[in-house]
Amino acid sequence: MELYIDTANLDEIKRASDMGVLDGVTTNPSLIAREGIDYAKRLEEICEVVNGPVSAEVIATEFDAMVKEGRERAKIASNIVVKLPTTADGIRACKTLSDEGTRCNMTLCFQAMQAWLAAKAGAFLISPFIGRLDDISTDGMDLIHQIRTIYDNYGFTTKLLAASIRHPKHMLDCALAGADVATVPLSVIDQLLKHPLTDIGLQKFLQDYSAAFGG
Ligand code: E4P
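Keep in mind it's a predicted model, so treat the numbers as computed, not measured.

Rules and cut-offs
Residues numbered from 1 in each chain as written. Predicted model: local features only at pLDDT ≥ 70, side-chain atom pairs only at ≥ 80, totals over all residues. Heavy atoms only, no water. Salt bridge = Lys/Arg side-chain N within 4 Å of Asp/Glu carboxyl O. Helix = DSSP H or I, 4+ residues; strand = E, 2+ residues; numbered from the N terminus. Phe/Tyr/Trp six-rings, centres within 6.5 Å; stacked < 30°, edge-to-face > 60°. Buried < 20%, exposed > 50% of the residue type's maximum accessible area, 1.4 Å probe, protein only. Lys NZ or Arg CZ within 6 Å of the ring centre and 35° of its normal.

Engineer: Can you walk me through the pattern of salt bridges in this structure?
Structural biologist: Within this structure, the stated rule accounts for 15 salt bridges. In this structure, R42 engages E35 in a salt bridge whose closest nitrogen and oxygen atoms are separated by 3.6 Å. Between R73 and E69 there is a salt bridge, with its nearest N and O atoms 3.5 Å apart. Taken together, the residues R73 and E69, both in helix α4 (residues 63–76) and four residues apart, mark about one turn of the helix. Sharing partners across several salt bridges, the network here consists of E35, K41, R42 and E45.

Engineer: Explain the packing of aromatic side chains to me, please; I cannot follow it from the model alone.
Structural biologist: In this description, a pair of aromatic rings is defined by centroid distance and the angle of the planes. Taken as a whole and judged by the stated rule, the model has four aromatic pairs. Arranged with centres 6.4 Å apart and planes meeting at 50°, the rings of Y154 and F156 form a pair that is tilted. Residue class for Y154 comes out exposed when judged on its relative accessible area of 61%. Feature note: the residues Y151, Y154 and F156 constitute an aromatic cluster, connected by ring pairs. The ring of Y39 is capped by R73, whose NZ or CZ atom sits 4.5 Å from the centre of that ring. If you follow R103 out to its NZ or CZ, it ends over the ring of F124, 4.6 Å from the centre.

Spelled out as structure tokens, the structure:
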């Protein structure tokens, strides 16, 4: 499973990138708003740090404007993936941009047949939102399993990108379900490495070593 970071914060992206295990970045309008910076400028900065796919969401919601904005975003760097909402206009824009060779990430996917249409439109990535489904008492992981099955049944090559991940258990379940990519905030990446027995064990190793050899 590939690991993307879900943020528009450059320091967080650099920290994750320095770990050497980062495969890409996803951003969205809310994350950019939190940074209070021009979207295109921040995307340029991110693409200087990360070589893997960097998702850049369009603000437009109507087909012509989405395609125009998507083409502009795609010019920023060769690793930009245009992120589009999974609406009727978004699917149409995905088909147009994908046919031109621009990779697209279909976002805000909450039911499996949206993912099926996205794959038919040539999407590079589909982003089902697990956490937001859990928030409304619907098991978000069911959606991951359904999309995996549909994509495997028909040999779709669209990558299943699990999004809206809130904790390590989501990550584990996604890996077991065969998600291709998980996009997570830095706080969750940090949590993945936390186990009390790791800390206790390390402390004991160092104490034993120091008791035997000093220092
Ligand atoms: C993914 O592309 C989205 O930016 C993100 O995962 C949304 O997560 P949230 O539901 O925690 O805002």
